[in-house]
Amino acid sequence: MNNNNTIGFIGAGNMAYALISGLIEGGYSPNNIKASDASKDVLSLRNNQFNLEVFTDNLKLASACDVIVLAVKPQILSSVCKEIASITEHNTLFISIAAGIRSVDINRWLGGKASIVRAMPNTPALLGKGASGVYANELVSEKQRNLSKKILDSVGISFWVDDELMLDAVTALSGSGPAYFFLMVESMAKAGVALGLDNDTAQLLSIQTALGASMMASNSEGTTPQQLRANVTSPNGTTQAAINSFQDQNFEMIVSHAMRAAFERARVIGSELGEDE
Ligand SMILES: NC(=O)c1ccc[n+]([C@@H]2O[C@H](COP(=O)([O-])OP(=O)(O)OC[C@H]3O[C@@H](n4cnc5c(N)ncnc54)[C@H](OP(=O)(O)O)[C@@H]3O)[C@@H](O)[C@H]2O)c1
């Protein structure tokens, strides 16, 4: 990664922590990373952890950086953008990780001429296992696209989408997806208890099974999840009995309906958050 770009994080909370850690572990110099936050405690923590230059003034930070990562909560993004709008003259790249808020709204708040990349990461980014969908507006250069991807790839994997609406589909799949797996782990543990296992054992077995299955799926290049499932499903065996029961209840349709609900909700939230107060 080009270590010469100065990357500034506005909002130095959980996601900023994950991205800063990923960048530094990937060899990015802490000298070229800065952070601002409303909380002095958070800033002093980040300074101790990474030896970064920190600011309480967002505009001062923005003026000193080539790339600004907008890592504040969605509800305050509009006020933060308006606060730093005067620097958009300087060919700065803005990367917003705020859930739901569309590039057209961010651009309006920044004055209308901003190079904006919008990313939808997910919680496993905090462990370096994130999955992000990424969209760039028409003002983002090839060099800025490459840099954005490198920043997001420092906490997992990322994929470009050409149509910003597809970020709502990414939200429905990987954004909200960790919770679907938590529900599955929770449900399997409860079902194990109903079958007579003690609670702690059922939890451990359920979590370890999710981890093992997920590692098998991600490490079996060339073998689809469907094939992996077929490999462990002997005709008339126990797994077959369970899969038949899932399919009798139309498991695929249940998942599809749930993700459609998340997709529709993402669109509504995007419209609401993009309104000016
Ligand atoms: N966590 C995730 O897994 C995840 C996944 C996808 C997307 N995101 C997005 O990432 C963004 C950050 O989430 P997070 O979990 O990192 O939130 P967070 O831990 O709450 O961090 C946000 C930080 O911004 C600070 N802040 C508040 N007002 C500010 C201002 N005016 N200027 C500068 N800093 C200010 C907050 O300080 P105070 O606490 O004092 O207000 C806090 O330290 C959100 O927009 C979220 O939608 C998060």
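Preceding block: the structure.
Residues numbered from 1 in each chain as written. Predicted model: local features only at pLDDT ≥ 70, side-chain atom pairs only at ≥ 80, totals over all residues. Heavy atoms only, no water.

Caption draft 1: Structural view of the site of the ligand. Close contacts around the ligand come from 21 residues, with Asn-14, Met-15, Asp-37, Val-72 and Ile-76 the closest. Contacts to the ligand include Lys-73, whose side-chain N or O atom sits 3.3 Å from an oxygen atom. Ala-99 places a main-chain nitrogen or oxygen 3.1 Å from an oxygen atom of the ligand. Relative to its unbound accessible area of 890 Å², the ligand is 74% covered by the protein chains. (Near = heavy atom within 4 Å. Polar contact = N/O pair within 3.5 Å; in protein donor to acceptor, adjacent residues only side chain to side chain. Areas by Shrake-Rupley, 256 points an atom, 1.4 Å probe, with all protein chains shown as cover.)

Caption draft 2: Up close: the packing of helix 8 (residues 177-194) against helix 9 (residues 199-219). Two elements in contact, helix 8 and helix 9, have axes whose closest approach is 8 Å; the angle formed by their N-to-C orientations is 140°. Comparing their axes, helix 9 and helix 8 come out oblique. Judged by the twist between their axes, the crossing of helix 8 over helix 9 is right-handed. Facing Val-185, Met-188, Ala-189, Gly-192 and Val-193 of helix 8, the residues of helix 9 in contact are Asn-199, Ala-202, Gln-203, Ser-206, Ile-207 and Ala-210. (Axes fitted to C-alpha atoms, helices over the stretch in contact; angles between N-to-C directions. Helix = DSSP H or I, 4+ residues; strand = E, 2+ residues; numbered from the N terminus. Parallel < 35°, antiparallel > 145°, perpendicular 65-115°, else oblique. Left-handed = near helix turned anticlockwise from the far one by under 90°. Contact = heavy atoms within 4.5 Å.)

Caption draft 3: Representation of the packing of helix 1 (residues 14-25) against helix 2 (residues 40-50) within the structure. The N-to-C vectors of helix 1 and helix 2 enclose an angle of 15°; their axes lie 12 Å apart at closest approach. Considering the angle they form, helix 1 stands roughly parallel to helix 2. With respect to the hand of their crossing, helix 1 and helix 2 are arranged in right-handed fashion. Contacts between helix 1 and helix 2 involve Asn-14, Tyr-17, Ile-20, Ser-21 and Ile-24 from the first element and Arg-46, Gln-49 and Phe-50 from the second. Partitioning the contact of helix 1 with helix 2 into residue classes produces four nonpolar, three polar and one charged. (Nonpolar A, V, L, I, M, F, W, Y, C, P; charged D, E, K, R; others polar.)

Just distances and angles here, no functional claims.
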